[in-house]
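Chain and residue survey
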Amino acid sequence: MSQSVMTPDKNMSKGMGRSPAESQAPKGEGLRGFMSSSRSDYLMLAIFALAVLTMPIWLAPIGAGYPDILQKFAIFGIFALGFNILFGFSGYLSFGHAAFLGTGSYAAVWMFKLLSMNAVIALVFAIVVAGVFALFIGYVSLRRSGIYFSILTLAFAQMSYNLAYSVLTPITNGETGLQVAGSDPRVLDRMFGGTDGRGVPDFFGMELQGWPGFYFCAILLILAFFVTMRIRNSTFGLMLFAIKSNQNRMNYTGFATRPYLLAAFVISGMYAGLAGGLLAVTDPLAGADRMQWTASGEVVLMTILGGVGTLLGPVIGAAVMKYLEQIFSSFNEGVLNRAFDFMPAGLQDFMVTIISPFVGDGWHLTLGLMFMLVVIFLPGGIMEGVRRVSGRFRRDRGDSSTRSSAGH
Amino acid sequence: MDAIILQILNGLDKGGAYALIALGLTLIFGTLGVVNFAHGALFMLGAFCAVAFSRLLTISERVRDESVTFFEAYKEIPYLTLWYGDTGQTIVDWAVPLSIVLAIPVMVLIGFAMERGLIRFFYKRSHAEQILVTFGLAIVLQEIVKYFFGANPIPMTAPPALAGSADIGALLGASNISYPMWRIVYFLFSLSIIGLVFAFLQMTTFGMVVRAGMADRETVGLLGINIGRKFTIVFGIASAVAGLAGVMYTPILAPNYHLGMDFLVLSFVVVVVGGMGSLPGAVLAGFLLGILQSLASMTEIKAIVPGIDQIIIYLVAVVVLLVRPRGLMGRRGVMEA
C-alpha cells in the first residue's frame, strides 16, 4: 500500500543508471512523468499564484476570508514546502524541523530589536541563521539514515528547545518569549529617523499587518513554490529522488550522496527559517514553544496530509490543517447546539455530547485521529486521493500519469 | 562525595524508568520490527491505571466531622475504611503497589488490542509510516486520558511505610545520607522486572522462540512456528512492562497526560544509545543516561557548563551515534540502513 510514498515514480528506476550529464537532458524517455515540460509547469505556477492571491475571495464563503488565518496558510505552506524538499524528495524523515522555525523567529525578532523594523532585513537574517544552524545539524545527523536520522534530528531539536528555555534565556527571553519594545536600539531606523516606536514590521514603509501582511506572505509563498518547482525539475532534484528510491545503488554507482542530502537539508532549513521569520513579521514575538517536537510533528502531518513528494500537496495540507485547527478549536458547546438546532431535542443533545470531546480543547484528539486515518488509508495524502478519483475517469484512456497510483 | 552518591541514587530510579521503557521498545522493535512511538503513551496509561485504581479504592462517604464543633464540618471516609476498619485503611494506603494487580491485565489487553487492531497492518510498511501512525496513536491516547482525568498533574502518595527516608549512608559506611525510600523501592522494582523479563527470555521455551525470532524471523517461521501469535504476546508483555514502570513511578512524579511524550523521546534516545535491538544495551544505556543526567544537574557541574543538565542525554546520544553508530551494544545487521 505504501508503494507510491516511498518510491515516487516507477519511471525513476529506469533513469537511475544515467550519468549526470545525460540526465540533464530534460525530456529523456525514462523521465517522462517525472520531469514534465516546463510550459505546463509555468501554467501550474500561474494558476497557483492566481489561486493564492485570490484566496481572500474564494475562501470567504467557508469563513476563512480574513488576513490572520490566510497569513498562517501562506506561512505554514512555506514551512511544509521546505520540509517536503527533504522528506518528500529524498525520503529522510526529520523530526526536528521546528528547531529551524524557532531559530528563524528568534533571528527575525532580534533584527527588529537591533537594526530595523524592515521585514526584508529580518527575513534575510532569519534565513541565513536557520541555514547555518541547519548546516551544522545536518552535517552531524546525515551521517546516519533511517530511524537513526529521525532520532538525531529529534534530539537536536529537543536540545535547542531545552536550551532556549534555560541557558539561552538572555537571547531567547525564556518562557516570556522575545518581544520588541519601544526602548530597543533599532540602529538603522534611528539613523534614518523612521522609527515611531510602534513596533510594527514594515516593508519599506508599508506596515505588514492585516491584508498587506497577507499579500507579503502570499508573494513569498509563490516565490518559494517557484523555487521548489525549479529544484524538483533540476538535476539536483533528480538526485534526491534517486536517493529516495535506492540510496545504496546511488553509492555503488559512485555518487557521493551526502553532499546532495546536506544541501537539501540546508535548503529545507532555510525555508523553515523563512517561515519562522514570517511568523515574527506578522506578529513580532518569538517563543520556544515553536521549537517543541509537537511542532515538528505538525509539519510532518501537513506534508503527509497534502501528499508527500508532490509539489502542491504540502501547501494544501498546511492550509487544510490550519483551517481545521481554526474551526475545530473555536467550536464550543454553544456553537454546537446552534449547529444542530434543526434536530429534535434528544438527538441534538446526543450529537452535542458525541462531538464536544473532539472540538475546542479536544482539537488535538481530532488531529491525532486524522493523523492515523491519513497514514492508514491514504498514505499519499490529498493529492493521491485526487489522483485516484481522476484516475477512475481516465482509466479507459490508459493515461500514464495514473500509473503511480496503480500500485494500490 | 556525599553529593555524588546522592546524585547517582537519583539517577538510579530515573534510569530504572528509562530502562523499562527502552526494554519494551527494544523487544517490540527486535521481534516485530516496528518502531513504536506510542510506547511512552503506554507508560502514561500505566500511571493512570494507578490513578484510576486508587480512585476506585477511595470512593468515599461524606460523614460529619465530630472533631470540629464550631460549625458543620464534613470529611470523606473511604467505604473500605468504613467497612473493614484498619484493614481497609491499609488497602487504601497501599493503593499504588496494589494497582499492579489491575495494571497487568489491563496493560496486556491494551497491548493485544494495539497489536491486533493497528500495528500488525504496518509490519510490511516503511519505518517512517510506522513512526507516523504510532505518533498519531500516542496523541489520541493522551487526549483521551486528558478528557477523562483533566490536564493537571494528579499527585499520588507512596504507602506510609515506604514514604519516609532511609539512611543510605549507614549501609555504605559513609556519612549520613538520607534518601526517599520509595525511590529505592522503584530501583529494586525495576531491577526485578528486568530480571523477570530476561529470565523469561532465557529460561522458557517461549522465550527461546522469541529470541530466535529476533535473530532470524523468517527461518523460525519456516520451522512451522506460529510466530505471529508469539509476537502478539511479546507486544502484550512489552506493554505491561511499560505500564508497570508507569504505575510505580506515580509517587515520584505526579502523572499528567503528556507524561508519556516526555519519557518517549528520552527512551528512544536510550534505545539508540544502547543499540537498536539489544536488550542488555537498552538496560545499560537506561541506567547510564539516568545517572549521567542526575550528575549533570549538580550545581558544581552546572557552574562549569551551564545548561548541561538539559542537554546531556541528547549530547551523549549524538556523540555515541557518531563514534559508535550501532550504539553501545548494537549488533551487526540490525537497522544498518
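If you're wondering where the values come from, they're calculated on a predicted model, not measured in any experiment.

Let's talk about the overall build of chain B
Secondary structure summary: chain B contains 16 helices and four strands in total. Computed over its C-alpha atoms, the radius of gyration of chain B comes to 22 Å, within 12% of the 20 Å expected for a compact globule of 337 residues. If you line up chain B on its principal axes, its C-alpha atoms span 75 × 50 × 35 Å. By residue count, 49% of the 337 residues in chain B fall in the buried class. Summarising the internal contacts of chain B: among those between residues at least 6 apart in sequence, 75% fall at separations of at least 24.

So, the interface of chain B and chain A
Opposite the 32 residues of chain B that make contact, chain A presents 38 residues. Looking at the side of chain B that touches chain A, the elements with two or more residues in it are α6 (127-149), α13 (259-274) and α16 (308-323) of chain B. It is α6 of chain B that provides the largest number of residues to the side of chain B that touches chain A, a total of 13 residues. Its residues placed into classes, the side of chain B that touches chain A shows 24 nonpolar, five polar and three charged.

So, the confidence of the model for chain A
Residue and element names in this part refer to chain A. When pLDDT is averaged along chain A, the result is 80, and 86% of the positions lie at 70 or above. A low-confidence stretch, residues 1-35 (pLDDT under 50), is modelled with 56 contacts involving residues beyond four sequence positions or located in other chains. In the predicted structure, residues 399-408 sits below a pLDDT of 50 and forms 18 contacts with residues beyond four places in sequence or in another chain.

A short note on the pairing of strand β1 (residues 60-64) of chain B
Residue and element names in this part refer to chain B. Of all the five residues making up β1, zero are buried; the element is thus mostly uncovered. In this structure, β1 lies alongside strand β2 (residues 74-78), joined through five bridges in antiparallel fashion. Residue pairing across strands places S60 opposite P78, the latter belonging to β2.

As for the nonpolar core
Core analysis: the biggest nonpolar cluster contains 224 residues, and I78 and F79 of chain A together with V269 of chain B have the highest contact counts within it. Looking at this core, the element that brings in the most residues is helix α14 (residues 257-282) of chain A, giving 15 residues. Dropping the residues within four chain positions of it, V269 of chain B is found in contact with I151 and A155 of chain A together with I313, Y314 and A317 of chain B.

A look at the environment of I225 of chain B
Residues and elements named next belong to chain B. Here I225 lies in the loop between α11 (217-222) and α12 (227-249). For I225, a count of 14 C-beta atoms within 10 Å translates into the label partly exposed. Counting along the chain gives 16 residues from I225 to V209, while the straight-line C-alpha distance between them is 8.3 Å. Setting aside residues no more than four positions away along its own chain, I225 makes contact with V209 and V220.

Regarding helix α14 (residues 279-296) of chain B
Between its terminal C-alpha atoms α14 of chain B stretches 26 Å, which fits the 26 Å expected from 18 residues at 1.5 Å a residue. Buried residues dominate α14 of chain B, accounting for 14 of its 18 residues.

Cut-offs used in this document
Residues numbered from 1 in each chain as written. Chains lettered and ligands numbered in written order. Predicted model: local features only at pLDDT ≥ 70, side-chain atom pairs only at ≥ 80, totals over all residues. Helix = DSSP H or I, 4+ residues; strand = E, 2+ residues; numbered from the N terminus. Rg over C-alpha atoms; globule rule 2.2 N^0.38 Å. Buried ≥ 20, exposed ≤ 12 C-beta atoms within 10 Å, placed from the backbone. Contact = placed C-beta atoms within 7 Å. Nonpolar A, V, L, I, M, F, W, Y, C, P; charged D, E, K, R; others polar. pLDDT = per-residue confidence, 0-100. Pairing = 2+ DSSP bridges. Core = buried A, V, L, I, M, F, W, Y, C linked by C-beta atoms within 7 Å. Expected span 1.5 Å × (residues − 1).

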